[in-house]
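Observations on the three-dimensional arrangement
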Amino acid sequence: MKLLTYKTKDTEPRLGFLHNNLVIDMEDFGNICNFPLPDDMLDLIDLGYEIISEIQDLIDDTREVDFEEISFKMDEVTFLAPIPKPRKNIIGIGLNYTEHVAESARTLDTSNELPTQPIIFSKPPTCVTATNTEILLNRKLTNQLDWEVELAVIISKKGKYVPKSEAMDYVFGYTIINDISARDCRRSGQWIVSKGQDTFAPMGPILVTKDEIENPHNLNLSLTVNGIEKQNSNSKFMLFNINDLVEDLSTVFTLEAGDIIATGTPAGVGAGRTPQEWLKDGDVVKCTVEGIGSIENTVKEI
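Residues numbered from 1 in each chain as written. Predicted model: local features only at pLDDT ≥ 70, side-chain atom pairs only at ≥ 80, totals over all residues. Heavy atoms only, no water.

What follows covers unusual backbone geometry. The phi angle of most residues is negative, glycine excepted, and most peptide bonds adopt the trans form. Cis rather than trans, the peptide bond between G204 and P205 has omega equal to -5°. Mapped onto the fold, P205 is located in strand β14 (residues 201-209). T274 connects to P275 through a cis peptide bond whose omega is -5°. Residue placement: P275 occurs in the loop between β17 (260-262) and β18 (284-289). Non-glycine residue N226 carries a positive phi angle of around 55°. By secondary structure assignment, the location of N226 is in the loop between β15 (220-225) and β16 (228-234). (Helix = DSSP H or I, 4+ residues; strand = E, 2+ residues; numbered from the N terminus.)

Right, let's talk about empty space enclosed by the protein for a bit. All told, the structure shown has 2 cavities of 30 Å³ or more when counted by the stated rule. Quantified by volume, the second largest cavity comes out at close to 50 Å³. Lining the second largest cavity are P86, R87, K88, N89, I90, A257, G258, D259 and I260. (1 Å grid on protein atoms, 1.4 Å probe; cavity = no way out; pocket = protein on both sides within 12 Å on 5 of 7 lines; lining within 4 Å. Points joined across faces, edges and corners; volume = space filled by probe spheres on them.)

So, on to the packing of helix α1 (residues 26-33) against helix α3 (residues 50-60). Interhelical geometry of α1 versus α3 gives an angle of 65° and a closest axis separation of 11 Å. Seen along the crossing, α1 lies across α3 with a hand that is left-handed. Contacts between α1 and α3 involve M26, F29 and C33 from the former and I55, L58 and I59 from the latter. Partitioning the contact of α1 with α3 into residue classes produces 6 nonpolar, no polar and no charged. (Axes fitted to C-alpha atoms, helices over the stretch in contact; angles between N-to-C directions. Left-handed = near helix turned anticlockwise from the far one by under 90°. Contact = heavy atoms within 4.5 Å. Nonpolar A, V, L, I, M, F, W, Y, C, P; charged D, E, K, R; others polar.)

Function cannot be read off these values alone, since they describe shape.
As structure tokens, then:
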């Protein structure tokens, strides 16, 4: 199922799903089916992944004419981040693609040896913004604004000490995150100032439930700046795959429904180029992940 958080000129943020190129309001759909459904993405995730098959059965049993009163054309809505206000920090994974390890070692103060354990950092919920919004470039903080396309994993339920063989049971779905980074804001090896500024996590455009992604470890992902390709790789090149990450993270701390894991970026970031390239006012950044779609954001200097 392709889920989204959206709003119209007449509504506050609402939960919806895509059906036959239309946006269907989730709560209204539940009303016509006499099956109460939430109007918020986190509330839906809290119901458990099993709710998705129940909703799909309802969709299959609903006449197309019945969707008309509760649907919008896609150009009639504004796509928000699938989870506009995460309950907790986004869990970031650093240096999770071999070539990105190498390029970071050349230009940043990171090791050229491959990590033996996932490198974990976090991004505050206030980082989150949607597609077609602005990435804020604050010159008082940074002159080295960089891009990072990433596959993001949404957790479906509480888990502690999850073995990697069971990790996929704890996945609800996937989305895209651009892990915007201010390379000159790292402090004594700590990354949260570099990674955690407002608007530094464009997310979306939708959340795709795991049943629609046959193999999350074989997805093409790419990024362009002003239409020029900067990153192009595949999730199969992750050093630590999703199973590894869920096992490791759940050993460190309890994973909970709605948690978001940004699984790392491949090579091609601005810091790794010769000469280095940084985002500037007016640049348009587009991230694409196979099976999910694209998000596009414009840099705005403040």
